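# Geometric and topological summary
So the chains spell out like this:
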Amino acid sequence: MKYILALDQGTTSSRAILFNDKAEVVTKTQKEFPQHYPKPGWVEHEPDDIWLSQISVAREAIEKANVSPRDIAAIGITNQRETTILWDRETGRAVYPAIVWQCRRSAERIEQLKQLGKADIIKDKTGLVLDAYFSASKIEWILDHVDGLRERAEKGEIAFGTVDTYLIWKLTRGNVHATDVTNASRTMLYNIHTLEWDDELLELFRIPRAILPEVMDSAGDFGMTHPEVIAGIEIPIRGVAGDQQASLFGQLCTDAGMVKNTYGTGCFMLMNTGDKIKNSQTGLISTIAWKRGDEIRYALEGSVFIAGAAIQWLRDELKMIYDAAQSEYYAGLVDDSDGVVVVPAFTGLGAPYWNMRARGAIFGLTRGTKREHIVRATLESIAYQTLDILTAMKQDTGLRVPHLQVDGGAAANGFLMQFQADMLNTTVRRLKVTETTALGAAYLAGLEVGVWQSVEQLRTLQADVTVFKPSKSRQWIEVHYDQWQDAVRRVME
Ligand code: ADP
C-alpha cells in the first residue's frame, strides 16, 4: 500500500491528511494557531507558528496511521493564498510577521495605484482586480518598513514566498526556493499569459527580482524533505496548489465549464475555463487553475462574502438556532419562506453587484412570519448569491455548466443543497470525502509519482457522491429569483 501525505495550511489552522492509494482518508490531524490583529484592519501570523503547527500535525498524522514512513510516496501541499512572508536566506528566519491575505494595511497604496490608472494593466497581465488582498503591495510594505531590508533584498540576501514556498523552504532546509503557478498567479507580479514574473509589475511595486522564487508546475519536483524534518527519511514533494485551486482539482473539475463551490464562512466559486483566459465583465477574477506538464488550465473565480456567516448570525446574534445544523431542521418545518427574503449584505455586496454601501435587510414580514421562515430565507440567500455568481460566470464565458460540485461546512445542509439544485436548475454533487482541498494536493502529487495513473482512474475512486437533482419548474424558479433580485435592488437604493 502506498500513501500520499497532504499538508493543508489554512488561515486559522494547519492540517495534515494521510490518504491511501484508494484516495481514502487514513488519518487526519489539525492544529489551530494564533491570529494577530495589531491594528484595526491588520492581520498577521507568526511564520514560526505556521511552520511548527504544520510540521507537528504532519508528524502526528504519520504516527497515528501506524504506517512505515517509507510507504509515503509523496507530499502534496495546499495553502492559504496571497499571505506574504519574507525571510533571511542565510538563517531561514522571517524578517517580519506573515502579512495575511485579509490584511488591509496596503489599501491606501492600492487606492493610489487606482488613481494612477494602473487597474487595467494589472488586470490584463495578472487577471486580478487591483486590491490589497494580493501579495505585491504587502511585499512592498515590508520592504519599506523594515530597516535596511530593501538594500539586503537587492543584494540577494532575502527570500519572498507565499505560504507554500515558505513550507517548501523549511521542509527542504533551504534547498528549494520555489512556488507553483497557482500561488504565483495570486501575487499580482506574475503574468498569467507569458507565465513569467513581470518586469513592469516588479518595477511598479518596487520589488527586486532577487527575492522571487522559481515558478514550477503544480505537479512537479519540489525537492525532498530533509531527513531531520520528518521521520528520518527523505520524502519527495510533488504537488503544490493554492487552496481554492486545489479544491477545484480535488473535485476533478477538469473540463471547461465545470464548477465547484465551497460553502464556508463565505463561498468560493471557481469555474474551469479550459486553456483560455476568460476576461470577466462582472468583476470576477481570472486565475491559473493548475499546470501539469503541457496542460495549463485557467479559472474564473468569484466569492460570496457572507454565506455560512449568515447562519452564525442566526445562531449568535438572533439566537434563533443552537447550532448551524439546526437550521436545516427549521427550514424543513415550513413549505416555503412565505415571501420572506433575507439579504445578508452585512459588509456590502460583491460580484456581480459590487456595492460596498449596501447593508442587510429582511423583506416580506407579516404578522404570521415565524422563526422557521427567517431561518429558511437565510439559507435560501446563500443559494441565491451562488446563482448570481454562476449566472455571471456563464455570461462571461458562454460555457455550459454540467453540474455544480460542492464542499465546505454548509454543504452538509441537505435543504440548502436541494434548494440550490432547484434554483440553478442544475444537478448538485457532493462528495463523501469533504476534505477536497487536501484531496486536490494529494491528487497532484499522487499522479506525479504514479500512485494514480490518470484523472479517469481518480474519477472511479470518487464514486461515493450524494446527488441533488433539480425538481422545480421554470416558473417557480423565476418567481423566486424575481423576489431575490427585487430585494437586492432595494438594499442598493
Ligand atoms: P471556513 O473554512 O470558512 O471556516 P467551514 O467550511 O468550516 O468554513 O464551514 C463553516 C461554516 O459553515 C460556518 O459559517 C457555519 O455556520 C456553516 N455551517 C456548518 N454546518 C452547517 C449546516 N449544517 N448548515 C448550514 N451552515 C452550516
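Everything below is about the structure shown above.
Residues numbered from 1 in each chain as written. Predicted model: local features only at pLDDT ≥ 70, side-chain atom pairs only at ≥ 80, totals over all residues. Heavy atoms only, no water.

### A short note on helix H14 (residues 436-449)
Over its 14 residues, H14 runs 20 Å from end to end, which matches the ideal 20 Å to within 8%, given 1.5 Å per residue. Counting buried residues along H14, twelve of its 14 residues qualify, which places the element largely inside the surrounding structure. When we look at burial in H14, the residues that qualify are Thr436, Thr437, Ala438, Leu439, Gly440, Ala441, Ala442, Tyr443, Leu444, Ala445, Gly446 and Leu447. Directly beyond the C-terminal end of H14, a positive phi value near 85° is found at Gly450. (Helix = DSSP H or I, 4+ residues; strand = E, 2+ residues; numbered from the N terminus. Expected span 1.5 Å × (residues − 1). Buried < 20%, exposed > 50% of the residue type's maximum accessible area, 1.4 Å probe, protein only.)

### Section: the state of the cysteines
A covalent bond between the sulfur atoms of two cysteines is referred to as a disulfide. For the coordinates displayed, the defined rule picks out zero disulfides. Unpaired in terms of disulfides, Cys267 finds its nearest cysteine sulfur in Cys253, a separation of 15 Å. Exposure remark for Cys267: the relative accessible area of 2% places this residue in the buried category. (Disulfide = S-S within 2.5 Å.)

### A closer look at the site of the ligand
If you check the shell around the ligand, you find 13 residues, and the closest are Gly264, Thr265, Gly308, Gly409 and Asn413. Note that an oxygen atom of the ligand is positioned 3.0 Å from one of the backbone N or O atoms of Gly308. Asn413 is positioned such that a nitrogen or oxygen atom in its side chain is 3.0 Å from a nitrogen atom of the ligand. Starting from 580 Å² of accessible surface for the ligand in isolation, the protein chains cover 66%. Ranked by the residues each element gives to the shell around the ligand, the list is headed by helix H10 (residues 308-316), at four residues. A breakdown of the residues in the shell around the ligand according to their chemical character gives five nonpolar, eight polar and no charged. (Near = heavy atom within 4 Å. Polar contact = N/O pair within 3.5 Å; in protein donor to acceptor, adjacent residues only side chain to side chain. Areas by Shrake-Rupley, 256 points an atom, 1.4 Å probe, with all protein chains shown as cover. Nonpolar A, V, L, I, M, F, W, Y, C, P; charged D, E, K, R; others polar.)

### A word on the side chain of Arg430
Looking at where Arg430 falls in the secondary structure, it is placed in strand S21 (residues 428-431). Buried Arg430, no salt bridge; nearest opposite-charge side chain is Glu328, N-O distance 6.7 Å. A distance of 2.7 Å separates a polar atom in the side chain of Arg430 from the backbone oxygen of Ala411. In this structure the side chain of Arg430 is engaged in a polar contact, spanning 3.5 Å, whose partner is the backbone oxygen of Ala412. Beyond its immediate stretch of four places on either side in the chain, Arg430 contacts Val406, Ala411, Ala412, Asn413, Gly414, Met417, Asp464, Val465, Thr466 and Phe468. (Lys, Arg positive; Asp, Glu negative; His and termini not counted. Salt bridge = Lys/Arg side-chain N within 4 Å of Asp/Glu carboxyl O. Contact = heavy atoms within 4.5 Å.)

### A word on the sheet that holds strand S14 (residues 259-263)
Here seven strands make up an open sheet; going across it, the order is S16-S17-S15-S14-S20-S21-S22 and the pairing mixed. At either margin of the open sheet sits one strand with a lone partner, and together these are strand S16 (285-292) and strand S22 (465-468). Here the average twist between neighbouring strands, direction ignored, is 25°. Here S21 runs beside S22; their pairing, made up of four bridges, is antiparallel. Note that in S22 the partner of Arg430 across the bridge is Thr466. (Pairing = 2+ DSSP bridges. Axes fitted to C-alpha atoms, helices over the stretch in contact; angles between N-to-C directions.)

### What to know about the side chain of Lys138
Position of Lys138 among the secondary structure elements: in helix H4 (residues 135-145). Despite its burial, Lys138 remains without a salt bridge, the nearest opposite charge being carried by Asp131 at 7.1 Å. In this structure, Lys138 is in contact with Glu82, Thr84, Ile99, Val100, Trp101, Cys103, Ser106, Ala132 and Tyr133, ignoring residues within four places of it in sequence.

### Points about the packing of aromatic side chains
Tallying each qualifying case throughout the model produces 17 aromatic pairs. Ring centres of Trp101 and Tyr133 lie 5.9 Å apart, and the angle between their planes is 40°; this geometry places the pair in the tilted category. Pair noted here: Trp101 is in the loop between strand S7 (98-99) and helix H2 (107-115) and Tyr133 is in the loop between helix H3 (119-126) and H4, with a separation of 32 residues, a long-range link. By relative accessible area, Tyr133 is classed as partly exposed at 32%. Ring centres 5.8 Å apart and planes at 85° place the aromatic pair Tyr443 and Trp452 in the edge-to-face group. Assigned by exposure class, Tyr443 and Trp452 land together as buried. Pairwise contacts between aromatic rings join Tyr384, Phe415, Phe419, Trp476 and Trp484 into one cluster. Residue placement shows Arg105 over the ring face of Trp42; its charged tip is 3.8 Å from the ring centre. One residue, Arg105, lies across the ring of Trp141, its end atom 4.6 Å from the ring centre. (Phe/Tyr/Trp six-rings, centres within 6.5 Å; stacked < 30°, edge-to-face > 60°. Lys NZ or Arg CZ within 6 Å of the ring centre and 35° of its normal.)

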